[in-house]
Amino acid sequence: MNTLKLFYVVFFVCGCTLAEAKTVTLRCSPGYTISVTFELHVVLTEAEREAGESDTWTRTLSCPPDNTIDIPAHAQPYDGIHAEWDMTDPNGADSSGSLPAAPGPNEPPPGRYAAWGVHYWAPTSYICNSRSCVEDPIAPTFIQPGEFVIGSYDEGSNFDLTTVVLDAKSMQPIPNATVTIHLEKDASKSAEGMTGTSGRKQLSLKAGDTYYIQVESPGYFSQRSDAFQLFRDHEWRMLLTANTATSKSSPVNWFVWSLLLLVIILVILIARRR
């Protein structure tokens, strides 16, 4: 597989108590199949160590379809992740990768676990290809070809999606645009609102479901986003292209032409009477 195609391994840790269930979801981009085995490094208390509790928790997820599992309470808190995956692209080409990435020639082997989780310095996501991973400071939401997402969140979580609607040519905000969020599985409406003067609209969505955004505004072509899931608060820009045909046939223009035609008729009638 072309190593220029990137895919994402995303882990997001919410502020939560140990009593709250945490869910991990794996989602593939269309046409790709992926199997991921990930291992959590569990920080044990002294009592848990004396009781012989395991300091690792391992599971394997595959997609499609989207796959969701619960992280048990004993796997929290955690401070590291190890992941290995195999991917098959639409042409049947196979590739594999790991996090941390495998060392290059003459490089020392990395630690078993990549930092993530509850520590303030831990990254919330990684951007990877089949050979290497780098920290990504912003958890990606929209999946591109050759990508997959693993994200964690508390059961029942809701996150804010801020849609910013801009004119594709001038990049100026478009007020009073209708922003509608649909569930991908049945196209039902999940949330709706109008943009303000800044071209922004914030809507709250349930974590874990798959959505798409539909934006409409007078004088512009409607725009639909790719499918996405939320694993944190997110902002997404939608660029609308002006519909010149609509603008030319606007009510204002029709009024001007009608008035001009009426003036011409009056002039002709007056000229005939003379």
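Use the structure listed above.
The shown structure was predicted, so the numbers you read here are calculated from the model rather than taken from an experiment. (Residues numbered from 1 in each chain as written. Predicted model: local features only at pLDDT ≥ 70, side-chain atom pairs only at ≥ 80, totals over all residues. Heavy atoms only, no water.)

*Asks:* Which residues make up the overall build of the protein chain, and what are the values?
*Replies:* The helix and strand inventory of the protein chain stands at three helices and 18 strands. Relative to its 274 residues, the protein chain shows a buried fraction of 41%. Sequence-distant contacts in the protein chain: of pairs separated by 6 or more residues, those separated by 24 or more amount to 66%. (Helix = DSSP H or I, 4+ residues; strand = E, 2+ residues; numbered from the N terminus. Buried < 20%, exposed > 50% of the residue type's maximum accessible area, 1.4 Å probe, protein only. Contact = heavy atoms within 4.5 Å.)

*Asks:* Lay out the side chain of S217 with the relevant residues and their values.
*Replies:* Position of S217 relative to the elements: it lies in the loop between β16 (211-216) and β17 (223-224). Sequence-distant contacts of S217, defined by excluding residues within four places in its chain, comprise I174, A177 and L240.

*Asks:* Lay out the pairing of strand β3 (residues 33-42) with the relevant residues and their values.
*Replies:* Bridge count between β3 and strand β6 (residues 78-88): 10 bridges; the pairing is antiparallel. Looking across to β6, one finds that H41 is bridged to G80. (Pairing = 2+ DSSP bridges.)

*Asks:* Hey, could you go over unusual backbone geometry for me, with residue numbers and the actual values?
*Replies:* In this structure, P64 follows C63 across a cis peptide bond, with omega equal to 0 degrees. Locating P64 in the fold gives a position in the loop between β4 (56-63) and β5 (67-71). In this model, L99 is joined to P100 through a cis peptide bond whose omega is 0 degrees. For N106, which is not glycine, the phi torsion reads 65 degrees and is therefore positive. Note on placement: N106 falls in the loop between β7 (94-99) and β8 (114-115). On the accessibility criterion, N106 (85% relative accessible area) is exposed. Although it is not a glycine, N176 adopts a positive phi angle of roughly 60 degrees. By the element assignment, N176 lies in the loop between β12 (158-167) and β13 (178-183). On the basis of relative accessible area, N176 is assigned to the exposed category, the value being 53%.

Purely geometric numbers; function is a separate question.
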